[in-house]
Structures are given as C-alpha cells and as structure tokens.
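Here's the letter readout for the chains.
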Amino acid sequence: MNIIKIEYLEDFLAVYQFKNFSDAAAFNHLTQSAFSKHLQLLQQEVATPLIDTQNKRKIQITAAGEVFFRYAQTMVTQYHLMQNEIQDYQDLKRGSLWIASIPVIANQAFLDLFTHFMADYPQINIRL
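Here's a quick rundown of the structure. Please read these numbers as outputs of a predicted model, since none were measured by experiment.

What follows covers the overall build of the chain. A count of helical and extended segments in the chain gives five helices and four strands. Along its sequence from the N terminus, the chain presents helices and strands in the succession α-α-α-β-β-α-β-α-β. Its C-alpha atoms give the chain a radius of gyration of 24 Å, more than 25% over the compact-globule value 14 Å for 128 residues. Each principal axis of the C-alpha atoms in the chain carries an extent, and together these give about 80 × 30 × 20 Å. Long-range pairs, those at least 24 residues apart, make up 55% of the contacts in the chain with a sequence separation of at least 6.

Here is the structure:
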C-alpha cells in the first residue's frame, strides 16, 4: 500500500467542485496531463473508480467517489489546520520557554525583560 499524497486529495476535491478536468487542473496550477496522472494514481491506490469520465466535458463522481470526497475533504482540512498550528510554533505564536536561573539574577531588569517578551509573544508560556 502506498501513501496517498495530500496534493492528490486536493486534486480530487477540485475535480469534485468543478466537474471538469481543465478547470480543476488550472485551479491547482497543474497541466491537464499532470492533473490526470494524479487522479489515475489516486484511483489506482484506492482500487476503485472515483470518477466516471464517459462524458469528457462534464464528469460524474461515482458513488464511491462521493464517500471518498467526504473523507478527502476532512483529511485535507485537518492537514491544513496542522500546518497552520505548526507554523504558529515556527513564528513564535505558540510554545513554551523554560528558564532556569539562580535567585541572584532575578532582579527588576529581568522582570522587565519578561514583561516585554510576554507582551510581544502572548501565546508563549514562560516557565521559571
């Protein structure tokens, strides 16, 4: 079993939305041949047709494709939420800062430094 790439799920969501390969490929900034290849690989991986391409101008989603759509939509949404949350850590919008010091260092200048840091990064937890 191979791993399904998120971009393939996004391609399927686009084809579900547009019901047209050309429009969906353009929406995802792909050539139509690359887009079609992604959908072929996706359907091979799930071992069932998700798209009925008898009418090339307006494709139909199969019953299995309807079920797949619900799960693909959830997975893509969760993936993007995960990316956003991880980005928050990289941008110092989340996280923890652990500081150990000896009592002599804990003076007013140190307290002022923490106050400014906490104002600039309110989502960072400071633990002394």
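The next subject is the packing of aromatic side chains. Enumeration according to the criterion identifies five aromatic pairs in this entry. Consider the rings of F12 and F68, whose centres lie 5.2 Å apart with planes at 90°: the pair is edge-to-face. With a gap of 56 residues between them, F12 in helix α1 (residues 6–18) and F68 in helix α4 (residues 63–90) connect regions that are remote in the sequence. Classification of F12 by relative accessible area gives buried; the value is 0%.

On to the nonpolar core. Grouped together as the largest cluster of nonpolar side chains are 21 residues, with contacts concentrated most on F12, V15, L39, L42 and I51. Those elements that place two or more of their residues in this core are α1, α2 (21–27), α3 (32–46) and α4. Top element by residues in this core is α1. It accounts for seven residues. When neighbours within four sequence positions are excluded, I51 is seen to be in contact with F12, V15, F21, L39, Q43, I59, Q60, I61 and T62.

Rules and cut-offs
Throughout this document, residue positions are counted from 1 along each chain, in the order its sequence is written. A pLDDT threshold of at least 70 governs which residues receive local features in this predicted model, and a stricter bar of 80 or more applies before side-chain atom pairs are shown or counted, although totals over entire chains, interfaces and linings include all residues. Only hydrogens and water are removed before side-chain values are computed, so all heavy atoms of the structure are retained for them. Think of it this way: any DSSP run of H or I at least four residues long counts as a helix, any run of E at least two long counts as a strand, and we number them from the N terminus. Between the two quantities, the radius of gyration covers C-alpha atoms and the globule rule is 2.2 Å times the number of residues to the power 0.38. Should any heavy atoms of two residues lie within 4.5 Å, those residues are counted as being in contact. What counts as a ring pair is set by centres within 6.5 Å for rings of Phe, Tyr and Trp (its six-membered ring), and what kind of pair is set by the plane angle: stacked under 30 degrees, edge-to-face over 60, tilted for all other angles. Each residue is assigned to one of three classes by its accessible area relative to the maximum for its type, calculated with a 1.4 Å probe on protein chains only: buried under 20%, partly exposed between the two thresholds, exposed over 50%. Residues belong to a common nonpolar core when they are buried Ala, Val, Leu, Ile, Met, Phe, Trp, Tyr or Cys residues joined through side-chain atoms within 4.5 Å.

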